[in-house]
Amino acid sequence: MISLEKQPSINGSTEKGSSLEERKKLAIPLPSDQDASGRTLGDDEIAMVTQAIRTGTLTATKGEFTKQLEIRFAKCMDSLHSHACSSGSAALHTAVAAINPEPGEEVITTSITDMGALSAILFQGAIPRFADVDPRTYNVTAETIERCISPRTRAIMVTHLFGNPCEMTEIVQLATSRGIPIIEDCAQAFMAEHHGKLVGSLGDIGCFSLQQGKHITTGEGGMVTSSDPDLARRMFLFINKAWGYGDPNPDHYFLAPNYRTNELTSAVALAQLDKLESSVRNRTEMADLMNQLLQDIPGVYCPTIRPGNKHTYWKYCLDVDASVIPGGTVALGKLLKDQGVFCGPRYIQKPAFQCQIFRDQRTFGNSRFPFTHAAPEAVDYTPEKFPGTFEALSRVLVLPWSERYQQHHVEYIADVIRSSAQKLLQA
Ligand SMILES: *Cc1c(COP(=O)(O)O)cnc(C)c1O
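**Q** Please explain the packing of aromatic side chains as it appears in this structure.
**A** Aromatic rings in a pair are described by how distant their centres are and how their planes are angled relative to each other. Summed over the entire model, instances satisfying the criterion amount to 21 aromatic pairs. Relative to Phe-190, the ring of Phe-73 has its centre 6.5 Å away and its plane inclined at 90°; by these criteria the two rings are edge-to-face. Of this pair, Phe-73 sits in helix α3 (residues 65-76) while Phe-190 sits in the loop between β5 (182-185) and β6 (193-194), and the two are 117 residues apart along the sequence. The same class applies to Phe-73 as to Phe-190, namely buried. On the basis of an interplanar angle of 80° and a centroid distance of 6.0 Å, the ring pair of Phe-358 and Phe-371 is categorised as edge-to-face. Taken together, the positions of Phe-358 in helix α12 (residues 356-361) and Phe-371 in the loop between α12 and α13 (387-395) put the pair 13 residues apart, joining distant regions of the chain. Given a relative accessible area of 4%, Phe-371 falls into the buried group.

Structure follows, in structure tokens:
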């Protein structure tokens, strides 16, 4: 447990009046997930990679590191099966491929997510059908998903955004009643829980990313999990050019890429997996501290977590009300950056469906496939259909978060937020 006893703050002079120049001098370097300062890569990873190299076997198809990783990852995520692959985007593509939609069928997804989740759907010839989000949690809900269900719905892909779980009880209930499988994008939500159950184990397939900026990392990498043996088998095949390794009469059974990982990456992943629990613990403890330090700032609110959910803070998001704070998230973000606190006002800036790929339907040559197979209502991106999405993006201020943050880092960030909000309030 971290102590909440008042300690002299790093940024001692937060009283109004101190100049920008003074503040810049006070800025302390914050650990970054883009380099060693904010990561836990070290001797354990080096030892494992050395071992992997000494075996002389670097392919995942013959080595032991990837096999071990898959066994341990499945256990860790409360799933029966797991397969490693080359990225989080590959994991999501593999998940969609395992469900095997017909061209033009729909996968319901969210308007605030990573493009890797959406290209996964398009590469399989299916149509991402965007559900609106809850403007406070930024996540899709059973209600917004239900509005998108059609006879063509083939899967639901939920993203537990920033580490905050979706309301899975209601979503699973809805999906089960309609016989629709659920893919959970857990790239930002390692070890997050909904009523005591881990995300990734609540739907039919869980997808994870090991990219540089995630809870644990191998630079690039991905994992899929499932407790359904048929889906798991199809995912294994899809990662491996659909070659039937170990079968009596193996063949290339269907169209599939090589999305394999390799033994070097899996060696690092095994060492990182040992650190996942402490990474999550530190991230949540520091976020709890942040929640306490940020009480009672008019117009600036802590993350909304629905009852029964455990948030594991890939990022820490502030909810900024522009009707209270003049200039809202953009103005507050600018003041934070001026004082060395990097942040992302509006996260992805615009909903995914306003990106060129969707606006101009740029896909394969000039074919526009698979949009040519889409039902008109599935590609209707009228802004009025997405009030929650636009409200969410207009308010969110994303703060980087790291397992290496300590009390003095969090106190500094909180001080900067409080004094910056004050400044805007008085303007
Ligand atoms: C990072 C991320 C991905 C993609 O993972 P990569 O490993 O970068 O391909 C997909 N979905 C979400 C929600 C992510 O945050």
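**Q** Looking at this model, I keep getting lost on the sheet that holds strand β10 (residues 300-301). Mind explaining?
**A** Spatially, β10-β12-β14-β13 is the arrangement adopted by the four strands of the open sheet, whose pairing is antiparallel. Two strands in the sheet have a free side with no partner beyond their single neighbour: β10 and β13 (344-345). Inspection of the sheet shows β13 paired to strand β14 (residues 396-400) by two bridges, in the antiparallel sense. Of the residues in β14, the one forming a bridge with Gly-344 is Val-398. Lying on the sheet, α13 is in contact with β10, β12 (315-320) and β14; it crosses β14 at an angle near 55°.

**Q** Would you take a moment to explain the packing of helix α4 (residues 88-99) against helix α8 (residues 229-239) for this structure?
**A** Angle between the axes and distance between the axes: these two values describe a pair of packed helices. Viewed as axis vectors pointing N to C, α4 and α8 meet at an angle of 125°, and their least axial separation amounts to 9 Å. Judged by the angle between their axes, α4 and α8 are oblique. α4 and α8 meet at a crossing whose hand is right-handed. Here His-93, Thr-94, Ala-95, Ala-97, Ala-98 and Ile-99 of α4 lie close against α8, whose contacting residues are Leu-231, Arg-234, Met-235, Phe-238 and Ile-239. A per-class count over the contact of α4 with α8 returns eight nonpolar, two polar and one charged.

**Q** Looking at this structure, I do not really get the pattern of salt bridges. What am I missing?
**A** Per the counting criterion, the structure on display carries 20 salt bridges. A salt bridge links Asp-274 to Arg-72; its shortest N-O distance comes to 2.7 Å. One end of the pair, Asp-274, is in the loop between α9 (263-273) and α10 (276-293); the other, Arg-72, is in helix α3, and 202 residues separate them in sequence. Residue class for Asp-274 comes out exposed when judged on its relative accessible area of 55%. Shared partners join several salt bridges into a network, and the residues in it are Arg-136, Asp-319, Glu-391 and Arg-395.

**Q** Teacher, can you tell me more about helix α2 (residues 43-55) here?
**A** Since one α-helical turn is 3.6 residues long, residues separated by three or four positions face the same way. Taking 1.5 Å per residue as the helical rise, α2 with its 13 residues ought to reach 18 Å, and the 19 Å between its terminal C-alpha atoms agrees with that figure. In this structure, the buried residues of α2 make contact with α3 and α9.

**Q** Whenever I open this one, the confidence of the model for the protein confuses me. Can you help?
**A** Caution applies to low-pLDDT parts of the model: their predicted coordinates are not meant to be read in detail. Across the protein, the average pLDDT comes to 94, with 94% of residues at or above 70. Mean pLDDT across the elements of the protein bottoms out in helix α1 (residues 20-26) (51) and peaks in β5 (99). The low-confidence segment residues 1-18, where pLDDT is below 50, has 27 contacts with residues more than four positions distant or belonging to other chains.

**Q** Help me understand the nonpolar core, please; the structure alone is not making it clear to me.
**A** Buried together is how nonpolar side chains tend to be arranged in soluble globular proteins. Ile-145, Ile-156, Val-158, Ile-171, Phe-190 and Leu-276 are the most contacted members of the largest nonpolar core, which has 53 residues in total. Looking at this core, the element that brings in the most residues is α9, giving five residues. Looking at this core, you find at least three residues from each of domain 1 (4-39 + 276-347 + 392-426) and domain 2 (43-272). Excluding anything up to four places from it in sequence, Ile-156 contacts Ile-108, Ile-145, Ala-175, Ile-180, Pro-181, Ile-182 and Ile-183. Of all hydrophobic cores here, the second largest spans 32 residues; its members include Val-300, Val-341, Val-416 and Leu-424.

Conventions we followed
Residues numbered from 1 in each chain as written. Predicted model: local features only at pLDDT ≥ 70, side-chain atom pairs only at ≥ 80, totals over all residues. Heavy atoms only, no water. Phe/Tyr/Trp six-rings, centres within 6.5 Å; stacked < 30°, edge-to-face > 60°. Helix = DSSP H or I, 4+ residues; strand = E, 2+ residues; numbered from the N terminus. Buried < 20%, exposed > 50% of the residue type's maximum accessible area, 1.4 Å probe, protein only. Pairing = 2+ DSSP bridges. Contact = heavy atoms within 4.5 Å. Axes fitted to C-alpha atoms, helices over the stretch in contact; angles between N-to-C directions. Parallel < 35°, antiparallel > 145°, perpendicular 65-115°, else oblique. Left-handed = near helix turned anticlockwise from the far one by under 90°. Nonpolar A, V, L, I, M, F, W, Y, C, P; charged D, E, K, R; others polar. Salt bridge = Lys/Arg side-chain N within 4 Å of Asp/Glu carboxyl O. Expected span 1.5 Å × (residues − 1). pLDDT = per-residue confidence, 0-100. Core = buried A, V, L, I, M, F, W, Y, C linked by side-chain atoms within 4.5 Å. Domains from an automatic or database assignment.

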